[in-house]
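Each chain is listed here by its residues.
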Amino acid sequence: WILFESLTFLFCLLRMNMDNHCCDVETAFQTFITELTRIQDSAQHQLEEFKRSKATQSLKVKKCADVCLSKQIKLDIGGTLFKTTEETLLSQKDTFFTAMLSGSWEPDPDTGAYFIDRNADKFGSILEYLRNGEV
């Protein structure tokens, strides 16, 4: 719509310049082409920004969907229960959690949680790193 309004304005400007004989047809037309090119460049830039934004949003939605659909895992860390996803625990290669979830460990049949005899106070930072790549 903005592009249409801009073109309409430019066309009216071109006609007005020609009707008022303020400049010759060639100069008026050249001004029209220059402004049209500027508008086209601006529209192209806005389109590229939109595409980048859309691609970023698509990646965020995909990541969120992957996390939401990922299998939930319960961890009993030193008596404190944590819930996370399999995807989060496997986000780094060749870790303790890779081995744990490879099938060699079984969760507690009563609680469904994997027991890890470690300090729960520090475990939140480990999960944060696995989720976001930063502590």
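Above this text you will find the structure in question.
Description of the structure in this document. The structure displayed is predicted, hence computed values, not measured ones.

With that settled, consider the sheet that holds strand 3 (residues 113-116). Taken in spatial order, the 3 strands make up an open sheet running 2-1-3, and their pairing is mixed. Only two strands of the sheet have a single partner each, and these edge strands are strand 2 (80-85) and strand 3. Sheet twist, expressed as the mean angle between neighbouring strand axes with direction ignored, is 30°. The sheet contact formed by strand 1 (residues 72-77) and strand 3 spans 4 bridges and is parallel. Directly across from Lys74, in strand 3, lies its bridge partner Ala113.

Attention now moves to the packing of aromatic side chains. Note on aromatic pairs: each is described by the distance of the centres and the angle between the planes. Within the structure shown, the criterion is met by 4 aromatic pairs. Ring centres 5.4 Å apart and planes at 85° place the aromatic pair Phe96 and Phe97 in the edge-to-face group.

One pass over the full model with this rule turns up 2 salt bridges. Note that Arg131 is salt-bridged to Glu128, the shortest N-O span being 3.9 Å. Taken together, the residues span about one helical turn, with Arg131 and Glu128 both in helix 5 (residues 120-132) at a distance of 3 residues. Residue classification places Arg131 among the partly exposed residues on the basis of a relative accessible area of 34%.

About the cut-offs
- Residues numbered from 1 in each chain as written.
- Predicted model: local features only at pLDDT ≥ 70, side-chain atom pairs only at ≥ 80, totals over all residues.
- Heavy atoms only, no water.
- Pairing = 2+ DSSP bridges.
- Helix = DSSP H or I, 4+ residues; strand = E, 2+ residues; numbered from the N terminus.
- Axes fitted to C-alpha atoms, helices over the stretch in contact; angles between N-to-C directions.
- Phe/Tyr/Trp six-rings, centres within 6.5 Å; stacked < 30°, edge-to-face > 60°.
- Salt bridge = Lys/Arg side-chain N within 4 Å of Asp/Glu carboxyl O.
- Buried < 20%, exposed > 50% of the residue type's maximum accessible area, 1.4 Å probe, protein only.

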